[in-house]
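Understanding the architecture of this molecule
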Amino acid sequence: MPVPLPVVTGVSPREGPPGTRVTIRGENLGRDMKDLIGLKICGVDCLLSAEWKSSSKVIARTGLGKGKGDIIVTTKSGGIGSCTVGFKGFSIQIGPLQESAVWVDETQSVLNQLGRRGNQSALSSKDSEDPLGLSDEGKRAKEEDMLEMFPESSGSMSLENFSPAWYLLENHQGASFEDLKLGLANMRLSSRSRSEGPTAFVKANIGAILDCLDSLNTMYDKFTQDDIQRGCIDSYAVSLFQAKSCADGLFQEVLGRKDQADQTRNALNVLQRFKFLFYLPLNMKRNIEKGDYSVVINDYIKARSLFAKKDVKVFQKVYKEVESMVESFRDMLRKKLMKLPNTLHEQKKIIGYLTSLEIRGDAAWECLTNQERWLHGLLVQCKTSHLEVSADPGSQKNSATLSVNYGRGSRGSSALGEPGFKFRTPQKVLFVEELTDIMTCNFPDFWKLGQAYISGQIGSREEVKPGKVPPGNKFKEMVSSLVKYFSNLIRAAFLPKSLATIPADTRKEYGAWSDSQDVSGAWLPHCVRYVRSCASSLCSQDLPGDCHDMIQELAFDMRTNCLKLLLNQAINDVRCLDSKETWMVELDDEFGGTTQLPALFENIVNEAIQHLHEVVVQNRSGESEIFSQRPVQKEATGLCQQLLEAFAPCLEHLALTNLDTGDQAAATLRPPAADKRTSYIEESTPEDTIPPKHKRLIIMLSNCNHTRSQLLPRLVENLNKHGYVEMNKVLQTCQATYKALDRKLFEAYIEEKSNPIVGVMEPHMYRGHFDWRHCKQPTDVRNYVKEVIMGLIEVHAEVFSISPAFVTPVMTRIVGAVSEEMSRLIQCVPELGTNGTIQAKLELMCLRDTVQLYQNKQSETSLREALEYLPDISEENEKKVEELMTTFRSQMKFQLMCFTKDKAAA
């Protein structure tokens, strides 16, 4: 049977350069590899690279064929086949550094770059490649624009100043960020494929490489047979040896010049050592300009010891010039020492320099007196500037500019004090910031400099003559004067009453602040922090006893003043809580329902305690305990008691005062929190944001009970933890206050709820001209009893929805009032007929059984007396009463469930 001819029906890819790996598909492409005897792609034999996979698949690499051509497969069994598809071969310019499995004509690439031809575009083929593998379609940037944007860069990857941004704008301006990410992945993949080395390339192109090796071997054999070429190689070797000899000669000359330079340098060093004096004026000038004062002084001392007593005129002339420069140097150092502000280290160095230069007078003492005057002037200037601004708030001055020259390290005024802010910092706050900064930043250096002078570490102290005050005592007076002035400046601003014993003329020196400039509780802690920080910094300097006590007393008085002000402010905040009531009841399974007021009250107290602890109560090193003095203890205890009791009038006002909904904007109901069970207290319409009085009474009663039982112990415990004294007595007093309020609200609620129920019993009992003597035979409990029960259920539901803990005491009191009224009404009946007796007994027994859970001895006695007042009835009538009671229980089963549930729970 004849074998069909091979047929190629598909190829992938359809085009490519030489060496492209293609997959050929078709029919009858051979039974095995031996059956495949021919494969031509575009007329070029590619059998050597062919890999037979199956009769329908062959893989091969293309040759040097160009243009579009057929793929012809030849087999032993079938012969020369046909093709229904074609392959397009094209050539690409291969760069000098790219791998290629075929011969590349380098005459247009490498040779051109060596200058043998004018065309320079071939070698740049590497740049024309796209390392990202993205399409070049789209708008390309102009080279002129790129040069303007990147004047020092280039878009060529072969240059050192290559700019990736230039390249992307020039070649891929329209690419998106995702495309660039794909391009980066493609470039990494290409890099990994290159890093695999030549092994993969050799495996893929083994046939072409073997052909190249054969060609090279043949070329070598022919080259070795050519004598002329061997002569050329020998001449090349001779030239290389000559170049080596020339280089050695040049190197020897350089070494010779280096030896000469070393000799000259050594000679100059020797000359310089003997010319010290002649170079000294120039060196001193240079070192003074550079700030190397110690070098100048050392050189001067050395020159004085060597040349001061020399009789050589040349030396004397130069030495006089040196002395003139040193005198100018002394004056410069003295001016620099007196210029403030300056650091302690710098002052000590300058004093040391002047002492070494043997300056006339005591430089250290002059520096101390100058610094004392300067520091006192800063305090005066600070006070005057801030008083002027406070007297004229609309002035162009602002405190941000007052601290420019006040001292080193000055923090300056608060940013809120600068113009352009809606709320400006009070002037007293800015004043205390500036004043404490002046002392904190400058006084420690002044004190340390004085201590160093007294101990003899700096300066050249002379012996104290009889009758004169020692410098140590003078310095202590200066320190005491500065500290006293600083302390009184603070007191004049914040504690003016503490200066009442000072004469009026003296008090004017510290400034007079108006009452309108008083600092509120929001700013006073900020001022206390500054004063305490300054006091801590000053007291750490081991000041004299009177100065130390003066600073500590100032800090203590500021703390006690802040304590009083913050506690009074907290008391006022608590008293104003009634305006923040929203009447939104939050239910709790343990404590019952409360509004947000107890939580707000607790937050105000705890925040005040925490704030006072951070600012006032917590002691720093060297400070005295705030509660160490009995007057402070007593006053703090009284203010804490007022703070804890201030919530009671607020509750009473909300419960007992007639509130106008139009005047209570803060009482608007708010949306409930998602994580809490919330009950809204509403009346007839949603617009009524304030509940009626009876509901306000039970809400405030629940708030009062929660405050007395839960909040007060927690708050007192917090106060005890923070060091407040006698808080247990305060707790007892406050609990008595809230207990009295609890009784008052409870009685008001009982009166508010029991009066409507009890008041309508008699009118409803005799509704329709009811007559106990001539009434009809009873068929059911009359409506007035049911109305009483419904009223009790309404009270039960209202109390239970707010605070279940009050259900029993409230219901017991109201049931007692109802029982007493019922007993009175029955006993006031002059004569009862038979049916009337049955009706009265039925109503009394139904009422007694219904409210049995909330009966006390008084209510039981009242109902028992009413039943005993009734005449006896027959057994038949007793059964009738039992039947009617059963009917009543069945009819009122749903209404009586609240009583039975409570009973079951009990």
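Look up a bit, the structure's there.
Residues numbered from 1 in each chain as written. Predicted model: local features only at pLDDT ≥ 70, side-chain atom pairs only at ≥ 80, totals over all residues. Heavy atoms only, no water.

Let's talk about the overall build of the chain
Looking only at helices and strands, the chain has 30 helices and 13 strands in total. Taking all 906 residues of the chain together, the buried fraction comes to 41%. Residue pairs at least 24 apart in sequence account for 73% of intrachain contacts in the chain once pairs closer than 6 positions are excluded. If you sum the accessible surface of the chain, you get close to 51000 Å²; carbon and sulfur atoms cover 53% of it. (Helix = DSSP H or I, 4+ residues; strand = E, 2+ residues; numbered from the N terminus. Buried < 20%, exposed > 50% of the residue type's maximum accessible area, 1.4 Å probe, protein only. Contact = heavy atoms within 4.5 Å. Areas by Shrake-Rupley, 256 points an atom, 1.4 Å probe, with all protein chains shown as cover.)

So, empty space enclosed by the protein
Enumeration according to the criterion identifies two cavities of 30 Å³ or more in this entry. In this structure, the largest cavity spans a volume of roughly 50 Å³. Surrounding the largest cavity, Gly 16, Pro 17, Pro 18, Ile 41, Cys 42, Thr 62, Gly 63, Leu 64, Gly 65, Phe 87, Gly 89 and Phe 90 form its lining. Partitioning the lining of the largest cavity into residue classes produces seven nonpolar, five polar and no charged. (1 Å grid on protein atoms, 1.4 Å probe; cavity = no way out; pocket = protein on both sides within 12 Å on 5 of 7 lines; lining within 4 Å. Points joined across faces, edges and corners; volume = space filled by probe spheres on them. Nonpolar A, V, L, I, M, F, W, Y, C, P; charged D, E, K, R; others polar.)

A short note on the pairing of strand β1 (residues 7-12)
Pairing of β1 with strand β3 (residues 21-27), which is carried by five bridges, proceeds in the antiparallel orientation. The partner of Gly 10 across the bridge, within β3, is Arg 25. As defined by bridge partners, β1 adjoins strand β10 (residues 82-83) across two bridges and the pair is classed as parallel. Each bridged residue has a counterpart across the sheet, and for Val 7 the counterpart in β10 is Ser 82. (Pairing = 2+ DSSP bridges.)

Quick word on the sheet that holds β3
Read across the sheet, five strands follow the order β6-β7-β3-β1-β10 without closing on themselves; strand pairing throughout is mixed. Of all the strands in the sheet, the pair left with one neighbour each is β6 (51-54) and β10.

Regarding the packing of aromatic side chains
Within the structure shown, the criterion is met by eleven aromatic pairs. Plain terms: the ring middles of Trp 365 and Tyr 453 are 5.8 Å apart, the flat faces sit at 35° to each other, and that makes the pair tilted. Residue Trp 365 is located in helix α13 (residues 363-391), and its partner Tyr 453 is located in helix α14 (residues 427-454); the two are separated by 88 residues in the primary sequence. For Tyr 453, a relative accessible area of 4% gives the class buried. Each ring, one from Phe 431 and one from Trp 513, has its centre 5.1 Å from the other, and the planes form 50°; the classification is tilted. In this pair, Phe 431 sits in helix α14 while Trp 513 sits in the loop between α16 (504-508) and α17 (524-539), placing the two residues 82 residues apart along the sequence. Just as Phe 431 is buried, Trp 513 falls in that class too. One residue, Lys 428, lies across the ring of Phe 494, its end atom 5.9 Å from the ring centre. Cation over ring: Arg 782 sits above Phe 770, and NZ or CZ is 3.6 Å from the ring centre. (Phe/Tyr/Trp six-rings, centres within 6.5 Å; stacked < 30°, edge-to-face > 60°. Lys NZ or Arg CZ within 6 Å of the ring centre and 35° of its normal.)

A closer look at helix α20 (residues 630-645)
For α20, spanning 16 residues, the distance from its first C-alpha to its last is 23 Å, which sits close to the expected 22 Å at 1.5 Å a residue. Taken residue by residue, α20 has Val 632, Gln 633, Ala 636, Thr 637, Leu 639, Cys 640, Leu 643, Leu 644 and Glu 645 as its buried positions. Contact partners of the buried residues in α20: α18 (545-575), α19 (597-617), α21 (647-656), α22 (693-721) and α23 (727-759). (Expected span 1.5 Å × (residues − 1).)

Digging into the nonpolar core
One finds Phe 443, Phe 494, Phe 601, Leu 644, Tyr 724 and Leu 792 to be the most contacted residues of the largest nonpolar core, which totals 191 residues. Excluding residues within four positions of it along the chain, Phe 443 makes contact with Leu 375, Ile 438, Val 479, Leu 482, Val 483, Leu 538 and Leu 543. Membership of the second largest hydrophobic core comes to 18 residues, among which are Val 8, Val 11, Val 22 and Cys 42. (Core = buried A, V, L, I, M, F, W, Y, C linked by side-chain atoms within 4.5 Å.)

Quick look at the side chain of Gln 839
Secondary-structure assignment places Gln 839 in helix α27 (residues 834-850). Of note is the side chain of Gln 839, whose polar atom sits 3.2 Å from the backbone oxygen of Asp 780. In this structure the side chain of Gln 839 is engaged in a polar contact, spanning 2.8 Å, whose partner is the side chain of Glu 843. Non-local contacts of Gln 839, meaning those with residues more than four positions away in its chain, are made with Phe 770, Trp 772, Pro 778, Asp 780, Val 781 and Arg 782. (Polar contact = N/O pair within 3.5 Å; in protein donor to acceptor, adjacent residues only side chain to side chain.)

So, the packing of α22 against α23
Running from N to C, α22 and α23 cross one another at 170°; their axes reach a closest spacing of 9 Å. Comparing the axis directions of α22 and α23 gives the class roughly antiparallel. Here the contact of α22 with α23 is built from residues that sort into 18 nonpolar, six polar and six charged. (Axes fitted to C-alpha atoms, helices over the stretch in contact; angles between N-to-C directions. Parallel < 35°, antiparallel > 145°, perpendicular 65-115°, else oblique.)

What about unusual backbone geometry?
Cis rather than trans, the peptide bond between Ser 12 and Pro 13 has omega equal to 0°. Among the secondary structure elements, Pro 13 is positioned in the loop between β1 and β2 (15-16). In this structure, Pro 341 follows Leu 340 across a cis peptide bond, with omega equal to 5°. Tracing the backbone through its elements, the reader meets Pro 341 in the loop between α11 (313-338) and α12 (344-356). Phi angles above zero are rare outside glycine, and Glu 358 is one such case at about 60°. With a phi angle near 55°, His 769 is a residue other than glycine that sits in the positive phi range. The topology assignment puts His 769 in the loop between α24 (761-765) and α25 (783-802).

Honestly, that's just the spatial picture; any functional story needs more than this.
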